[in-house]
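Here is how the chains run, residue by residue.
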Amino acid sequence: MKKVLVLEDEANIRSFVVINLKRAGYDTIEAETGEQALEQLQRHPDIRVALLDIMLPGIDGFEVCRRIRAGNLKVGIIMLTARTQEMDKVTGLMTGADDYVTKPFSPAELTARVDALYRRLGDGEEETVSQDEISRPPFLLNTRNRTLKKNGQLVKLTQVEYNIMKLFMGNPDKAMSREEILESVWGRDYFGEVKIVDVNVRRLRVKIEDNPQAPRFITTVWGYGYKWSI
Ligand code: CA
């Protein structure tokens, strides 16, 4: 059964969403707070799509989205935005959401978006083998045991370095700003200097590049950040 997580603190909106998703053939897991949503995702690893409300009593929907993305790139995320402001959409998509639906929405619109995202993700059945791995030869990242191999050899990484590698390998050829890397790896609440990104990238290069002085995999985007190529 296709499982969808519904994070919404307002009970009437939540049950409206749940009823309509069930009618469309989905199994639903409900959460009232962001914290609950993250727990439910841990408990039900077969959830493929998460609907996230933004305004919540505890951590907000953007933060939930960031945390999901920091740990799992496979869950499809649709933000339920209350306002029509462009900023919400942009912030949502920046934090790793796949789509957004603006409230108030019709049952048809909601299920159409969920169906579309499910289609984009594939049904996952034949993907199970590769779900825990991101392969970009000569690199192979295993997200289940959090290891990186280069040409079949284990590369010893700190957890932070691993998280940066996961971010890079999940976003090939994308120029990423230092701030973006900082936010997705260290979290929004991190108040340290952005320089920590450079420090870790320098260390990573020593570990993964053939020639750290002339990096090929992690290249510098001058005045901006870094880009993973391969
Ligand atoms: Ca709300």
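Residues numbered from 1 in each chain as written. Predicted model: local features only at pLDDT ≥ 70, side-chain atom pairs only at ≥ 80, totals over all residues. Heavy atoms only, no water.

Here we look at the overall build of the chain
Part 1 of the argument: Per the secondary structure count, the chain includes nine helices and 12 strands.
Part 2 of the argument: Counting every position in the chain, which comprises 230 residues, the buried fraction comes to 43%.
Part 3 of the argument: Intrachain contacts of the chain at a sequence separation of at least 6 include 56% that bridge at least 24 residues.
Part 4 of the argument: On the chain, roughly 12,000 Å² of surface is accessible, and the fraction owed to carbon and sulfur atoms is 52%. (Helix = DSSP H or I, 4+ residues; strand = E, 2+ residues; numbered from the N terminus. Buried < 20%, exposed > 50% of the residue type's maximum accessible area, 1.4 Å probe, protein only. Contact = heavy atoms within 4.5 Å. Areas by Shrake-Rupley, 256 points an atom, 1.4 Å probe, with all protein chains shown as cover.)

Topic: the sheet that holds strand β9 (residues 153-155)
Part 1 of the argument: Here we have four strands laid out as an open sheet, ordered β6-β7-β8-β9, and antiparallel in their pairing. The open sheet has two free edges, formed respectively by β6 (133-136) and β9, since each of these has just one partner strand. Strand-to-strand twist in this sheet, taken as the mean axis angle between neighbours without regard to direction, amounts to 25 degrees.
Part 2 of the argument: As judged from the four bridges shared by strand β7 (residues 139-142) and strand β8 (residues 147-150), these two strands associate in the antiparallel manner. (Pairing = 2+ DSSP bridges. Axes fitted to C-alpha atoms, helices over the stretch in contact; angles between N-to-C directions.)

A look at the packing of aromatic side chains
Part 1 of the argument: Summed over all chains, the structure comprises six aromatic pairs.
Part 2 of the argument: Geometrically, the ring pair formed by Y26 and Y118 is tilted, given 5.4 Å between the ring centres and 40 degrees between the ring planes. With Y26 in the loop between α1 (11-23) and β2 (27-31) and Y118 in helix α5 (residues 107-121), this residue pair connects regions lying 92 residues apart in the sequence. Taken as a pair, Y26 and Y118 share a single burial class, namely buried. (Phe/Tyr/Trp six-rings, centres within 6.5 Å; stacked < 30°, edge-to-face > 60°.)

Details of the confidence of the model for the chain
Part 1 of the argument: The pLDDT averaged across the chain works out to 87; a share of 88% of its residues lies at or above 70.
Part 2 of the argument: Taken together, the stretch residues 124-129 has pLDDT below 50 and engages in five contacts with residues farther than four places along the chain or on a different chain. (pLDDT = per-residue confidence, 0-100.)

Quick notes on the coordination of the calcium ion
Part 1 of the argument: Every protein donor of the calcium ion is listed here as D9 (OD), D53 (OD) and M55 (O), and their distances to the metal cover 2.2 to 2.3 Å.
Part 2 of the argument: Ordering the donors of the calcium ion by residue number gives the pattern D-x43-D-x1-M. On the criterion of sequence distance, the pair formed by D9 in the loop between β1 (3-7) and α1 and D53 in strand β3 (residues 47-53) is long-range, its members being 44 residues apart.
Part 3 of the argument: A relative accessible area of 3% means that D53 is categorised as buried. (Donors = N, O, S within 2.8 Å, 3.2 Å for Na, K, Ca; no water.)

Observations concerning the sheet that holds β2
Part 1 of the argument: The sheet built from five strands is open, its strands ordered β2-β1-β3-β4-β5 with parallel pairing. Pairing within the sheet leaves two strands with one partner each, and these edge strands are β2 and β5 (99-102). For this sheet, the mean angle separating the axes of adjacent strands, direction not counted, is 20 degrees.
Part 2 of the argument: In the sheet, β1 pairs with β3 via five bridges, with the strands oriented parallel. Looking at β3, one finds that L7 is bridged to L52.
Part 3 of the argument: In the packing of helix α2 (residues 34-43) onto the sheet, contacts are made with β1, β2 and β3, and the angle to β1 comes to roughly 165 degrees.
Part 4 of the argument: Across the face of the sheet, α5 comes into contact with β1, β3, β4 (76-81) and β5 while running at roughly 140 degrees to β3.

Section: α2
Part 1 of the argument: Among all positions in α2, only G34, A37, L38, Q40 and L41 are buried. Buried positions in α2, seen along its axis, are confined to an arc of 160 degrees and lie on one side of it. Among the exposed residues of α2, those oriented more than 90 degrees off its buried face are Q42 and R43.
Part 2 of the argument: Looking at the buried side of α2, the elements it contacts are β1, β2, β3 and α3 (61-71). (Arc of directions from axis to C-beta.)

Considerations on the nonpolar core
Part 1 of the argument: Within the largest apolar cluster, 24 residues are counted, with the highest numbers of intra-cluster contacts made by F168, I208 and W228.
Part 2 of the argument: Broken down by secondary-structure element, the contributors of at least two residues to this core are β7, α7 (159-170), α8 (178-186), α9 (195-208) and β12 (225-228).
Part 3 of the argument: Beyond its immediate chain neighbours, meaning those up to four positions away, F168 contacts M176, I181, V201, I218, Y226 and W228.
Part 4 of the argument: One finds I29, L38, I59 and C65 within the second-largest nonpolar core, a separate group that totals 21 residues. (Core = buried A, V, L, I, M, F, W, Y, C linked by side-chain atoms within 4.5 Å.)

Topic: the side chain of R14
Part 1 of the argument: For R14, the location among the structural elements is in helix α1.
Part 2 of the argument: Those residues within four positions of R14 in sequence are excluded, and the remaining contacts are V6, E8, D9, E30, A31 and E32.

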